[in-house]
Amino acid sequence: MTGAAILLVFVLAAFLADVISTHNPTRLVPGSRLRPPGGEHLLGTDEFGRDIYSLVIHGSRVSLLVGVTTMLLTSLGGVLVGLLAGFSRRLDAMVMRVMDGMMAFPAILLAIALMAARGPGVWNVIMALSIVYMPRTAILIRSTVLGLRDLDYVQAARALGRRDLVIAFRHILPNCVGPLLVQGSFIFAYAILAEAILGFLGVGVPPYVPSWGNVIASGKNVIREAFWVSLCPGAALTLAGLSLNLLGDGLRDVLDPRLRVQ
Amino acid sequence: MSSYLLRRVLAVIPVMVVVVTIVFFLIHLIPGDPVAVMLGPEATPSQIQAARAGLGLDRPLHEQLFTFYARILRGDLGHSYFLDRPVTRALAERAEPTIVLTLSALFVAVAIGVPSGIVAAAHRGSWWDRGLMFLSLLGVCIPGFWLSLNFIFLFAVRLGWLPAAGYASIWVDPRTALTYMVLPAVSLGFNQSALIARIARSCMLDVLQQDYIRTARAKGLSPGVVTYVHAFRNALVPVVAVIGITTAILIGGAVVTEIVFNIPGLGRLIISAILRRDYPVVQGVVLVTAAAYVIINLLVDLLYAFIDPRIRYD
Amino acid sequence: MTGSVVFRKAFLVLAAAALAAGTAVPPALAQVKGGVLRVGNLGEPPALDAHWTTASITETLTNHIYEGLYSLDKDKKPIPMLAEGHTVSKDGLVYTFKLRQGVKFHNGKEMTSDDVVASLVRWGKQSIYGKALFAQVTDVKAVDKYTVDLRLKEKSAIVLISLAVPNNFGAIYPKEIAEKFEPAVKATEYIGTGPYKLAEWKPDQYIRMVRFDDYKSRNEKPNGYGGGKTAYADEIRWVPVPEVATRVAQVETGELDFADDLNLDAYDRIKKSTAARPIVAKPYYWLVAVFNKKEGLMTNQKLRQAWQAAIDIEPIMKTVAGGKSEFYRMDSSLAPVEITAWHTKLSGLPWNERNKDKAKRLLQEAGYKKEPIRFMTTQEYKWMYDFALLTKQQLEDVGFNIDLQVVDWATLVKRRNNPKEYDAFTTGIGAAYDPTHHVYLTAAWPGWNNDETMLSISAELARETDPKKRMALWERQTRLFYEKVPVIRYGDLFGMRAARNNVKGFDESNERLRFYNVWLEK
């Protein structure tokens, strides 16, 4: 519940960014460079004199967009591939080797290559991260399906002459929701963090667009002179990650039938 | 068993071919020019053109790809433009730091992750549980470079306990090597311990509800024995799987750690090779890490069978 | 005890004063041989072949291993290095160089005219400065073992300066190496005559240079990049440390004795430190936006003038310099103050006008309709990104539409060669020691200055040997520069280095690092 509440605050902040921010987050004010928190600037300013509070508020838009979309795309792709592999013994080996190939591919290279080929951009970040994280979800779903495939109630459904597709969606998929949510909440946090790491390497969303990753990355340069620059978006990121994981845990507890019994 | 092994190994080959081909095209499709980087800011286009021809970069892409395949078959990964040495040698030089870093980070991650997962599960819902899980979540959420830089400032600059950055080979001087490796291993391992802790906790929870554990409890065995002897071994199976994945993530995560702590490993090599467009080196690193990943996963599968006798491959 | 400390302090102050005055070296007593000097720098050199690349890290490293016929004194004027001296024929078409005798290469071989000829020929085909000079050269040949003749097509003003520049320089290699490697292929054998020789090169770990015991020093005192050179440290170990925060930390902990290219925000902290001191590296670069004058929007001169009129340079420089006035300088001369011979003091130039009305008027006259202007920059050099971002805001305030493209350096240096792919890009202009060495004024360099008048002045500057007439031409060129605006000159940016207190004798007036004549106090 706490998780959901914190997350709601972030979502609201993202939607109301224009209203609740105190400054224009992209306006550079060379004169008020690296002001410490307090006074006119609630959380201080960065090395271009931009207001950190407003940057973090506006940054939540990009960061939440990256997190949520990546989570959705990986879940969608992961479920499809996982179900396919779990159900078709013929396709299983092939699909899993492809997943191996994708997992073996250095994520950072793929992301950099995509960024460099297509230019930095939010959607390129999302695409790169989704491709990188999708196999993890797929492997998870497959192993869940394999575990369920031979259970009594599925066998019963099969004996009744239900088609595979129906079995997959009616009987198996609902049981995958629990692990999927846990995994999804992890991927959400990873994606926002990965965006920060890509920013660190100079290949994230364009560096002048406010995002938590970009502010953290720019704060790295002055981490000892002006700790607040990277600390504030870092705290926001940690809080969002925490809330999601709490939410994931909560959902797991609710959805996992065995845990409910106890 | 052995036929399973053979099939797994053979299945690796097409995967590697595809990975390598994709890498080849990806890196060549990225704009940028290794020669323009090397010749420096004042170089003129005509100079760059002349030097490109010297490296064979003016030949059509498909021709370059075939040369590349032909070389691989002979075990030759090509020659680095920037480093003036065969790629195989460049890789061999960088492998040790990355292996040492990955293994020590893995050690830290397991040493933190597994015990805290088990303790949390054994005391489900208590403050122990909440505290440990909160810490592990913090581990997921703190960016690696942030932790690394602050470790340097605290332990090296402020306290002077450990060197800030650098690397020493364990074969030459193990003691020095250890002092260099502490900060990178802890900052990289702490990040990864979170996932292991959470998986370990949830596996333990699952196992603790199995009938045989209840039986053991009913027989009057002490809770400690039940938890740490009976449950632990069975909870280990998925944890081993996660460790396999973690190793792959660690190889990727090592990039940032290697840059911040100035460790001359594969992670740093691939980043600088990408930035310099040193194509042969990028291809070489991808090939090697992909192979490492596949081998690790093979080992993990075999470990499964060892830990859990019910799993047999036919 | 206390007395001796006070004495030592007083002595140090005196020594420092003597250094600052540039008059004398500290007493010989203080100089000690020995030790390993560990230097942290940004990255890995693309080559240790001085003829081959203009990369500044290669310049720094190779100047410890190799030497040219000439070098630069503290006023950046040519002085003999491997040459004993030269004579010029009456018609000005033949330069005869006498070489110093008994100078040994690192492989023990004596340097003779054959080595010089082979090296200069190779350099003349590959180096940008060599090519410029060799456009005027008909022939270079050995007269005897210690004499070399350079024959010219036309009178030349740039013979000595070209042989003296430290970047992409005319390093003398043994004949065997100079002839073994084609000019366009980088040399991978490293034998020079310099005070240090290459001992080991482990990419991403270190480059080790050790003292060359048979080095034959000139008898003069150290002077700028030239004069006498003594290798005090047994070894210089160049350690590439890509992360700047780590570089700073390692100087503080003493893991490095010296670090280059630090972030300017760290200045105050290092200044307060009791173990290390900051050093301001001048002139480093002047910041520049280079226009594509071959194709696209910026071929319109009025648009370029509008950019020049609109920008307010001081706040840009101050931000790029980490808010510290120690690290930037407002100056419109194309040659920095440090190059005294070519620094101009012209008034009435339209530099840093901060005139928004003029800019808007020029935009209108140019017929500009908010078409996006593709402005390329990179974060790999943070200062480039910083000044590009600030420029974008200032220009958009007067009605420009700037499409800021942040790419990596490899992409930028590739794209800037293709006139279809950009309208402007950022870079820095390092010290150019002669008016003919300003690359952005040439037609061959990206951006392609195609202004006939400016090109003909450059050609005349290469031929004219009378210093006074050359200065007049250079002043005319400068005025034309501000009218035609081939590029935008921002301010001078300085760099920051840090040295541990035990590093002595480092000449802070040199732009690039030189570690001969530097010793480690025990």
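On a predicted model such as this, the values are computed, not experimentally measured, just so you know. (Residues numbered from 1 in each chain as written. Chains lettered and ligands numbered in written order. Predicted model: local features only at pLDDT ≥ 70, side-chain atom pairs only at ≥ 80, totals over all residues.)

(A) Inspection of the overall build of chain B at higher detail. Of regular secondary structure, chain B possesses twelve helices and zero strands. Listing the helices and strands of chain B from first to last along the sequence gives α-α-α-α-α-α-α-α-α-α-α-α. When each of the 314 residues of chain B is scored for burial, the buried share is 50%. Look at the contacts in chain B between residues 6 or more apart in sequence, and 72% of them connect residues 24 or more apart. (Helix = DSSP H or I, 4+ residues; strand = E, 2+ residues; numbered from the N terminus. Buried ≥ 20, exposed ≤ 12 C-beta atoms within 10 Å, placed from the backbone. Contact = placed C-beta atoms within 7 Å.)

(B) Examining the overall build of chain A more closely. A count of helical and extended segments in chain A gives eleven helices and zero strands. Helices and strands appear in chain A in the N-to-C order α-α-α-α-α-α-α-α-α-α-α. Taking all 262 residues of chain A together, 54% fall into the buried category.

(C) Quick peek at unusual backbone geometry. Residue and element names in this part refer to chain C. Of note, the bond from Lys282 into Pro283 is cis; its omega dihedral lies within 30 degrees of zero at -5°. Note that Pro283 resides in strand S12 (residues 276-291). Although it is not a glycine, Tyr284 adopts a positive phi angle of roughly 55°. For Tyr284, the position within the fold is in strand S12.

(D) Local environment of the nonpolar core. One finds Val56(A), Val282(B), Val285(B), Val288(C) and Leu493(C) to be the most contacted residues of the largest nonpolar core, which totals 324 residues. Among the elements that take part in this core, helix H8 (residues 174-208) of chain B stands out by supplying 17 residues, more than any other. Not counting the four nearest positions on each side in its chain, Leu493(C) is found in contact with Tyr284(C), Tyr285(C), Trp286(C), Leu287(C), Met317(C), Val320(C), Ala321(C), Phe327(C), Tyr328(C) and Trp383(C). (Core = buried A, V, L, I, M, F, W, Y, C linked by C-beta atoms within 7 Å.)

(E) The arrangement of the packing of helix H5 (residues 87-122) of chain B against helix H11 (residues 266-276) of chain B in detail. Residue and element names in this part refer to chain B. Where H5 meets H11, the closest approach of the two axes is 7 Å, and the angle between their N-to-C directions is 130°. By the angle between their directions, the pair H5 and H11 is classed as oblique. Between H5 and H11, the residues in contact are Ala90, Arg94, Ala95 and Thr98 and Leu266, Gly267 and Leu269, respectively. (Axes fitted to C-alpha atoms, helices over the stretch in contact; angles between N-to-C directions. Parallel < 35°, antiparallel > 145°, perpendicular 65-115°, else oblique.)

(F) Looking closely at the interface of chain C and chain B. With 36 residues of chain C at the contact, the number on the chain B side is 41 residues. Of all the secondary-structure elements, those providing two or more residues to the side of chain C that touches chain B are helix H7 (244-253) and helix H13 (409-415) of chain C. In the side of chain C that touches chain B, the residues fall into 18 nonpolar, ten polar and eight charged. (Nonpolar A, V, L, I, M, F, W, Y, C, P; charged D, E, K, R; others polar.)

(G) Spotlight on the sheet that holds strand S7 (residues 147-152) of chain C. Residue and element names in this part refer to chain C. Pairing in this open sheet of four strands is antiparallel, and the strands run S4-S5-S7-S6 from one edge to the other. The strands lining the two open edges of the sheet, one partner per strand, are strand S4 (83-88) and strand S6 (137-144). Each strand of the sheet is rotated relative to its neighbour by a mean of 20°, with strand direction disregarded. Where strand S5 (residues 94-99) meets S7, five bridges bridge the pair, whose relative direction is antiparallel. (Pairing = 2+ DSSP bridges.)

(H) Structural view of the pairing of strand S8 (residues 196-202) of chain C. All names here are of chain C. Across six bridges, the pairing between S8 and strand S9 (residues 206-211) is antiparallel. Note that in S9 the partner of Tyr196 across the bridge is Arg211. Linking S8 to S9, which pair antiparallel, is a turn of three residues; within it Asp204 sits at a positive phi near 70°.

(I) Expanded view of H11(B). All names here are of chain B. The element H11 is extensively covered by neighbouring structure, given that eleven of its eleven residues are classed as buried. Listing the buried residues of H11 in full gives Leu266, Gly267, Arg268, Leu269, Ile270, Ile271, Ser272, Ala273, Ile274, Leu275 and Arg276. Residue Arg277 follows H11 closely and has a positive phi angle near 60°.

(J) Looking closely at the confidence of the model for chain B. All names here are of chain B. A residue-level look at chain B finds 85% of positions with pLDDT of 70 or above and a mean pLDDT of 80. No element of chain B has a lower mean pLDDT than helix H10 (residues 223-260), which averages 71, and none a higher one than H5, which averages 87. Two numbers describe this predicted complex: its pTM, 0.87, and its ipTM, 0.83. (pLDDT = per-residue confidence, 0-100.)

(K) View of the packing of helix H3 (residues 52-87) of chain A against helix H9 (residues 212-220) of chain A. All names here are of chain A. Look at H3 against H9: their axes get within 7 Å of each other, and the N-to-C directions meet at 125°. In terms of their interaxial angle, H3 and H9 are classed as oblique. Judged by residue contacts, Leu55, Val56, Gly59 and Ser63 of H3 engage Trp212, Gly213 and Val215 from H9. Per-class residue counts for the contact of H3 with H9 are four nonpolar, three polar and no charged.

(L) Seen up close, helix H6 (residues 127-141) of chain B. Here H6(B) is 15 residues long and its end C-alpha atoms lie 21 Å apart, about the 21 Å a rise of 1.5 Å per residue gives. For H6(B), the complete set of buried residues consists of Leu132(B), Met133(B), Ser136(B), Leu137(B), Gly139(B), Val140(B) and Cys141(B). (Expected span 1.5 Å × (residues − 1).)

(M) Region of the structure containing the pairing of strand S15 (residues 402-407) of chain C. Residues and elements named next belong to chain C. The buried fraction of S15 amounts to five of the six residues, a majority that puts the element mostly inside the structure. In this structure, strand S14 (residues 373-378) lies alongside S15, joined through six bridges in parallel fashion. Residue Ile373 lies in a different strand from S15, and its bridge partner there is Ile402. Note on the crossover from S14 through helix H12 (residues 382-398) to S15: the handedness is right-handed. (Right-handed = clockwise from strand over helix to strand, strands pointing away.)

(N) Local environment of the environment of Ser217(C). Residues and elements named next belong to chain C. Turning to its location among the elements, Ser217 is positioned in the loop between S9 and strand S10 (235-240). Among the residues examined, Ser217 registers 15 C-beta atoms within 10 Å and is labelled partly exposed. C-alpha separation for the pair Ser217 and Gly228, spaced eleven residues apart in sequence, amounts to 5.4 Å. When residues no more than four places from it in sequence are discounted, the contact partners of Ser217 are Gly228, Lys229 and Thr230.

(O) Representation of the environment of Tyr279(B) within the structure. Residues and elements named next belong to chain B. Secondary-structure assignment places Tyr279 in helix H12 (residues 279-307). According to the C-beta neighbour criterion, Tyr279 is buried, with 24 such atoms within 10 Å. Between the C-alpha atom of Tyr279 and that of Ser104, which follows or precedes it by 175 residues, the distance is 30 Å. Those residues in contact with Tyr279 that lie beyond four places of it in its chain are Ile27 and His28.

(P) Region of interest: the confidence of the model for chain A. Here chain A averages 79 in pLDDT, and 85% of its residues register 70 or above. Model confidence for chain A, summarised as mean pLDDT per element, is weakest for helix H11 (residues 257-261) of chain A at 47 and strongest for H3(A) at 89.

(Q) How the structure looks around the environment of Lys271(C). As for its position among the elements, Lys271(C) is in helix H8 (residues 267-272). For the pair Lys271(C) and Ala498(C), spaced 227 residues apart in sequence, the C-alpha separation works out to 9.2 Å.

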